[in-house]
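# Chain and residue survey
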Amino acid sequence: MNKYRVSELRKEKGWTQEMLAEKSYITVRTIQRLEAGEDVSLDTLTSISNALSVKISDLFEDIEEEEREAEIMDVSKEQAIQIDYRKKKLGSIKLLVIAMIFTTMSILAVSIISYSTKNNIVLFWLLWVSLLLFLIAGANYYLEIKVNKQLDNEYPLTRGVSIVEKEREPIENVWQFIAQYWWIVFPIGGFLSWLIPFLF
């Protein structure tokens, strides 16, 4: 009999069997059978792994049947390949979005410097900051909703699976903040280094 870790993973999240069944779109009876060690289909295992945000192979403590183990390992291997492709594609899209925001805001900043006077400079820079925040919010919506939905369809075995290798360590000082958020620190630092002497 195969040994599953579903009960352990479910309890780590503080979920009941009913909650897991609801999140994985299967019946409570199927969850009960699985936790009792009975075999279920690969589609069911995929649904459960997606709901728990783990790889399919992580659902097992031990697989006794060689044929079943080979089948699970094949699906896990395909899942790992899809996760790798998804990470690369999502990373590329994020870089493109950041580059577009940076280019747009740089062009706008140059225009503000060229056409503003001391009387309207503060208003222009308030509009610049507002637009920056608006673009960041729009980019976040685009990446989290639109792009993730498209990637879910393109890489179905990654749907719901956490693709983050490790959680980021908490930021303890200013240097760690700069190292992690360099892409926003430089434009804001450049803007402040221009604005402060201009105002005073």
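Presented here is an overview of the structure given in this document. (Residues numbered from 1 in each chain as written. Predicted model: local features only at pLDDT ≥ 70, side-chain atom pairs only at ≥ 80, totals over all residues. Heavy atoms only, no water.)

Within the secondary structure, Leu131 is located in helix H6 (residues 121-154). Take Leu131: its relative accessible area is 30%, and that puts it in the partly exposed class. Each C-alpha atom, one on Leu131 and one on Ile101, is 9.9 Å from the other, the two residues being 30 residues apart in sequence. Setting aside residues up to four positions removed in sequence, Leu131 forms contacts with Met105 and Leu108. (Helix = DSSP H or I, 4+ residues; strand = E, 2+ residues; numbered from the N terminus. Buried < 20%, exposed > 50% of the residue type's maximum accessible area, 1.4 Å probe, protein only. Contact = heavy atoms within 4.5 Å.)

Let us look at the packing of helix H2 (residues 17-24) against helix H4 (residues 42-52). Close contact between H2 and H4 brings their axes to 8 Å; oriented N to C, the two are set at 105°. Relative to H4, the element H2 is oriented roughly perpendicular. Taking contact as the criterion, the partners of Leu20, Lys23 and Ser24 in H2 are, on H4, Ser47, Ile48, Ala51 and Leu52. Grouping the amino acids of the contact of H2 with H4 by side-chain chemistry returns 4 nonpolar, 2 polar and 1 charged. (Axes fitted to C-alpha atoms, helices over the stretch in contact; angles between N-to-C directions. Parallel < 35°, antiparallel > 145°, perpendicular 65-115°, else oblique. Nonpolar A, V, L, I, M, F, W, Y, C, P; charged D, E, K, R; others polar.)

Attention now goes to a nonpolar patch on the surface. Residues Ile171, Val174, Trp175, Phe177 and Ile178 make up a contiguous nonpolar surface patch of about 500 Å² in total accessible area. Looking at the secondary structure, you find Phe177 in helix H7 (residues 174-180). (Patch = residues over 30% accessible without salt bridge, like charges linked within 9 Å, V, L, I, M, F, W, Y side chains within 5 Å. Areas by Shrake-Rupley, 256 points an atom, 1.4 Å probe, with all protein chains shown as cover. Salt bridge = Lys/Arg side-chain N within 4 Å of Asp/Glu carboxyl O.)

Attention shifts here to the pattern of salt bridges. Summed over the entire model, instances satisfying the criterion amount to 6 salt bridges. A salt bridge links Asp84 to Lys88; the shortest N-O distance between them is 3.2 Å. Of this pair, Asp84 and Lys88 both sit in helix H5 (residues 66-115), separated by 4 residues, roughly a single helical turn. The partly exposed category is assigned to Asp84, whose relative accessible area is 34%.

Relative to the elements of secondary structure, Trp128 occurs in helix H6. Residues Trp128 and Ser106, 22 residues apart in the sequence, show an inter-C-alpha distance of 10.0 Å. If we skip the residues at most four places from it in the chain, Trp128 touches Met105, Leu108, Ala109 and Ile112.

For the rest of this paragraph, the subject is a negative patch on the surface. Side chains of Asp39, Glu61, Asp62, Glu64, Glu65, Glu66, Glu67 and Glu69 sit close together on the surface and give a patch of like negative charge. For the negative patch, the element with the most residues is H5, which contributes 3 residues. When you line up the elements, Glu67 lands in helix H5. (Lys, Arg positive; Asp, Glu negative; His and termini not counted. Charge placed at Lys NZ, Arg CZ, Asp CG, Glu CD.)

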